[in-house]
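Working through the structure, step by step
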Amino acid sequence: MALISADRERFPNTPWQLVETRHEPGNAGTLETLFSLGNGHLGIRGAHWAAADAELPGSFINGLHETWDIKHAENAFGFARTGQRILYIPDANNFTVVVDGESLGLAESEVLDYRRSVDFSTGIYECRITWQCRSGSVVTTTERRAVGYESRGSLGLSLEVSADRDISLDVTSSVLNRQDQPVEDHSAHDPRRAGRHAGRVLLPLRLDGGDGSLRLSWEAAESKQRVGLAVDHWTSAGHQPFETLVDQDDSSVRYVLAVSAGEPFRLEKSVSYAAGRTVQDEGVDAAALAEAGLRPVADVFAESEAHYRGYWATSDIVVDGGEPELQQAIRWNLFQLAQATARANVAGIPAKGVTGSGYEGHYFWDQEVYLLPYLTYTNPDGARQVLEFRHAMLPEAKVRAKELSVDGALFPWRTINGLEASAYYAAGTAQFHIAAAIAFATNRYLWATGDSAFREGMGAELLMETARMWISLGFFGKDGLFHIHGVTGPDEYTAVVNDNLYTNVMARFNLRAAAALDHPGAAQEERQLWAAAANLMHLPFDSRMQVHSQDNDFMTLEPWDWTTPRSKYPLLLHFHPLVIYRHQVLKQADTVLAMFLQWQDFTAGEKQRAFDFYDPITTGDSTLSACVQGIMAAEVGYSGEALKHFTNAVFIDLDDTHGNTIDGVHIASTGGVWSSLVCGFAGLRDQGPVPYFDPRLPEEWDGLTFHLKIRGRLLLVRLSSGAITLTVQEGDPLDVNVRGQVLAVGSDPVSVELEPVAEPEPTAFPSGLPTASIPVVLANS
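Only a predicted model underlies this, so the values are computations on that prediction, with no experimental measurement involved.

1. A few points about the environment of Gly 358
Tracing the backbone through its elements, the reader meets Gly 358 in the loop between helix H5 (325–341) and helix H6 (366–378). You can call Gly 358 buried: its relative accessible area is 0%. On a C-alpha basis, the gap between Gly 358 and Asp 663 in space is 4.7 Å, while along the polypeptide they are 305 residues apart.

2. Some details on the sheet that holds strand S16 (residues 226–235)
One open sheet holds the nine strands; their spatial order is S1-S9-S10-S11-S12-S19-S16-S15-S14, and the pairing between them is antiparallel. At either margin of the open sheet sits one strand with a lone partner, and together these are strand S1 (17–20) and strand S14 (202–210). Each adjacent strand pair in this sheet contributes to an overall mean axis angle of 10°, direction not counted. Sheet topology places strand S15 (residues 213–220) next to S16; six bridges connect them, and they run antiparallel. Bridging from a neighbouring strand, Glu 219 pairs with Arg 226 of S16. Set on the sheet, helix H4 (residues 297–315) makes contact with strand S10 (124–132), strand S11 (138–147), strand S12 (154–163) and strand S19 (265–275); between it and S11 the angle comes to about 60°.

3. Side note on a nonpolar patch on the surface
A cluster of nonpolar side chains, namely Phe 476, Leu 529 and Leu 536, defines an oily patch on the protein surface of about 240 Å² accessible area. Relative to the assigned elements, Phe 476 resides in strand S21 (residues 475–476).

4. Digging into the packing of H6 against helix H9 (residues 434–449)
Pairs of packed helices are described in terms of their axes, by the angle between the two and the distance that separates them. Where H6 meets H9, the axes come as close as 10 Å, and the angle between the chain directions of the two elements is 10°. Regarding the angle of H6 to H9, the classification is roughly parallel. The interaxial crossing formed by H6 with H9 has right-handed handedness. Between H6, through Glu 368, Val 369, Leu 372, Pro 373, Thr 376 and Tyr 377, and H9, the contact on the second element is made entirely by Ala 437, Ile 438, Ala 441, Arg 444, Tyr 445, Trp 447 and Ala 448. Here the contact of H6 with H9 is built from residues that sort into 10 nonpolar, one polar and two charged.

5. Comments concerning the pairing of strand S13 (residues 167–176)
By the criterion of burial, S13 is predominantly enclosed, with nine of the 10 residues buried. Where strand S7 (residues 91–99) lies against S13, seven bridges are found, and the strand directions are antiparallel. Paired with Asn 94 across the strands is Ser 174, a residue of S13. As judged from the 10 bridges shared by S13 and strand S18 (residues 250–259), these two strands associate in the antiparallel manner. Along S18, the bridge assignment pairs Ser 173 with Val 253.

6. A closer look at the packing of helix H16 (residues 625–636) against helix H18 (residues 667–681)
Where H16 contacts H18, the axes come no closer than 9 Å and their chain directions differ by 5°. Here H16 lies roughly parallel to H18, going by the angle between them. Contacts between H16 and H18 involve Cys 627, Ile 631 and Ala 634 from the former and Gly 672, Val 673, Ser 675, Ser 676, Cys 679 and Gly 680 from the latter. Partitioned by chemical class, the residues of the contact of H16 with H18 number five nonpolar, four polar and no charged.

7. Topic: the packing of aromatic side chains
Counted under the stated rule, the structure contains 31 aromatic pairs. Summarising the aromatic geometry, the rings of Tyr 359 and Phe 364 are spaced 5.9 Å apart at their centres and angled 80° between planes, so their arrangement reads as edge-to-face. Aromatic side chains Phe 364 and Trp 413 sit 6.2 Å apart centroid to centroid with 85° between the ring planes, which places their arrangement in the edge-to-face category. A residue pair is termed long-range when its members are at least 10 positions apart, and Phe 364 in the loop between H5 and H6 and Trp 413 in the loop between helix H8 (394–403) and H9 qualify at 49 residues. Three or more aromatic residues joined by ring pairs make a cluster, and in this case those are Trp 16, Phe 120, Tyr 149, Tyr 308, Tyr 311, Trp 312 and Phe 335. Across the ring face of Phe 35, the terminal group of Arg 116 is positioned such that the distance to the ring centre comes to 4.4 Å. Here the basic side chain of Arg 145 rests over the ring of Tyr 125, its NZ or CZ set 3.9 Å away from the ring centre.

Parameters and conventions
- Chains are numbered independently. Their residues run from 1 in the order of the written sequence.
- The predicted nature of this model means local features are confined to residues of pLDDT at least 70 and side-chain atom pairs, given and counted, to a pLDDT of 80 or more, with totals for whole chains, interfaces and linings taken over all residues.
- Computation of side-chain values: all heavy atoms of the structure, hydrogens and water removed.
- Strands are runs of DSSP state E lasting at least 2 residues, helices are runs of H or I lasting at least 4, and numbering of each runs from the N terminus.
- Each residue's exposure class comes from its accessible area (1.4 Å probe, protein chains only) as a fraction of the maximum for that residue type: buried when under 20%, exposed when over 50%, partly exposed otherwise.
- When DSSP finds two or more bridges between a pair of strands, those strands are recorded as paired.
- Lines fitted to C-alpha atoms define the axes here, with helix axes fitted over just the stretch in contact, and angles between the N-to-C directions of these axes take values from 0 to 180 degrees.
- By definition, residues are in contact when any of their heavy atoms lie within 4.5 Å.
- Patch building starts from residues that exceed 30% relative accessible area and form no salt bridge, then joins like charges within 9 Å and nonpolar side chains (Val, Leu, Ile, Met, Phe, Trp, Tyr) within 5 Å.
- Methods summary: accessible areas were calculated by the Shrake-Rupley approach with a probe of 1.4 Å, and residue burial reflects only the protein chains presented.
- Salt bridges, as used here, are contacts in which a Lys or Arg side-chain nitrogen is within 4 Å of a carboxyl oxygen on Asp or Glu.
- Angles are sorted into four bins: roughly parallel if under 35 degrees, roughly antiparallel if over 145, roughly perpendicular if 65 to 115, and oblique for all others.
- The sense of a crossing depends on the near helix, which, turned anticlockwise from the far helix by less than a right angle, makes the crossing left-handed and, turned clockwise, makes it right-handed.
- Three classes are used: nonpolar for Ala, Val, Leu, Ile, Met, Phe, Trp, Tyr, Cys and Pro, charged for Asp, Glu, Lys and Arg, and polar for all others, with Gly counted as polar.
- Centres within 6.5 Å are what make two rings of Phe, Tyr or Trp a pair, Trp counting through its six-membered ring; a difference in plane orientation under 30 degrees is then read as stacked, over 60 as edge-to-face, and the rest as tilted.
- Counting as a charge over the ring demands two things of the Lys NZ or Arg CZ atom: a distance within 6 Å of the ring centre and an angle within 35 degrees of the ring normal.

Below, the structure is given as structure tokens:
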């Protein structure tokens with residue numbers, strides 16, 4: 001059921017904003033995600049200010065979490081021991097507005113006019129509501145919000161109340177500890193959703209307040225992480241607070257006054273948070289640190305506006321022609337990428353950013369495969385910081401490797417603090433391919449930036465330690481080839497298999513990248529062993545189907561029953577894993593993803609046959625799939641399929657197509673939208689001799705324009721239906737390959753005419769059981 005695209009009167013197509021013009025009950029939690037604000041460090045959901053109008057309100061700080069001991073019903077050596085879950089930090093976005101004795105709320109009060117928006121160009125949220133009060137007065141409330149960027153722990157809130165006649169006004173501004181409020185644990189019904197803790201989590205350390213100011217701090221019961229909060233209030237005409245109350249779960253500042261017609265009451269709420277390693281040190285006053293970070297509300301708004309002015313100057317992607325709704329959706333996705341990464345600093349990027357508690361706030365392979373391409377080419381410093389964060393996990397990763405009897409480093413499948421938090425190892429620890437994802441992101445960053453200091457230090461260490469893991473995990477078989485057994489690839493509907501193609505392809509890349517290093521940390525003999533394993537890597541191939549097999553046994557599995565009703569999807573919520581594992585059905589692109597990332601290793605024919613075989617049996621139950629399927633559809637030449645998959649990807653959250661946007665934005669999917677545009681339709685491929693473009697602009701579009709930061713240059717790329725134009729706007733000339741033609745691109749635009757790409761004839765595969773006398777299918781000549 002579509003949401004945003006289904007009602008364009010309620011959600012008009014505005015290219016630089018997401019706007020809601022009419023309130024309707026239902027979908028409140030999903031809209032709280034869509035209207036959220038964040039900067040990569042601090043996030044606030046887009047809930048209404050009145051408690052009765054919010055469904056799943058909250059604020060988050062990246063990495064601030066609680067831990068607990070995982071209890072396994074049946075234990076085994078090496079199982080994950082420490083659970084980690086992002087915390088709801090004490091939330092400042094709470095107001096109660098009482099006019100002439102009536103508490104205003106969307107559910108009970110009469111609304112004459114309603115409009116709320118989040119502006120992508122400024123990062124400012126605004127909600128303006130006009131109320132018909134029971135006393136006869138007409139009152140308008142306007143709330144505005146922004147998060148800081150120079151002061152990344154800062155939040156600015158303003159609330160203005162105006163009336164058409166004299167009214168009595170009672171406004172309470174609150175800070176609520178939502179973490180310890182009684183809330184249903186949804187994780188029992190949906191493993192994608194965050195659970196709750198049984199006992200109290202946030203223990204108060206300091207509770208001070210008076211004259212409209214609050215100085216508060218807490219410590220997590222088990223992780224011992226601390227969060228401090230400082231709040232100051234300012235009002236128009238200098239109104240003094242009626243009372244200031246302080247409590248561990250509900251602190252408030254209340255104003256009671258008369259408001260005259262034409263003289264609005266304005267309340268500004270300056271908020272500052274302090275959390276992280278600094279405030280974990282014993283004796284540090286987290287509230288005092290937060291107080292030092294307080295900024296006037298106007299300054300926080302100005303920081304946000306300045307940040308996005310610079311961001312869009314080089315990060316906007318413009319589509320000419322096509323469906324007009326696409327431009328708004330593209331910018332919303334790009335806006336979410338900025339909100340998830342801009343000020344994360346040396347921290348990971350949670351799967352939901354800082355917009356919700358989904359997936360417990362964990363970091364996955366998503367950040368390396370789906371987010372790092374965007375960061376590498378738009379904010380290379382941010383990309384390096386994420387890789388530095390991974391490098392800081394090396395000590396824990398080396399310990400984990402020993403637990404699983406491998407050398408080098410084994411990074412956790414899902415984590416916040418560096419320890420494995422995935423209790424279900426078949427779809428967690430078995431996904432060893434996260435090691436190759438980290439190596440791949442490292443190599444891409446080095447290739448795209450030429451950062452020699454990182455190459456000689458952290459980058460080399462990441463490449464070598466992951467290579468050591470692969471060489472010890474795999475083995476040379478009796479056939480003389482190198483095999484990797486007992487792994488799970490990206491497709492979590494096929495678990496713990498032998499020679500997963502994606503894993504082997506990416507491990508081969510990892511081993512080759514490490515072998516190519518000239519570094520004192522690796523002896524020549526070790527590098528020769530890495531190169532030999534890479535060159536002899538087994539890649540499953542079904543000679544009868546003439547298709548690369550997802551793993552050694554995939555082609556022997558029983559096909560899924562595709563008459564299964566849509567109500568039974570996603571399959572993971574309706575079928576036992578063992579039922580899914582024994583069938584030919586994919587949660588997400590796996591082999592196809594390998595062919596995208598290692599584009600030079602496969603022929604055009606191999607890519608087409610793989611796409612033709614796997615695309616129809618991919619459910620898309622993962623939000624990571626549509627973007628990859630679209631990219632490869634574009635490369636193969638299936639223009640219509642490419643645009644279809646892209647449109648699916650760009651509206652995943654806006655239309656809540658997976659039914660769990662309430663828990664936060666699917667940040668990896670938003671990164672996939674960036675890659676769909678740049679790598680799919682513009683055809684960028686990297687890590688070759690020079691940047692390579694093979695454009696596949698949809699015939700429905702007139703043009704596509706974007707920038708890339710690459711090797712110290714700012715490259716402007718303009719596509720039209722018949723040409724690509726490249727310009728280096730900053731930096732020295734750059735060699736670029738367009739469909740085999742190497743060009744020296746400088747400050748003067750260089751255009752190359754493009755011949756249309758003919759759509760190939762799709763491969764016809766036999767139906768029925770793969771084991772039942774399938775005739776040999778010859779590859780296309």
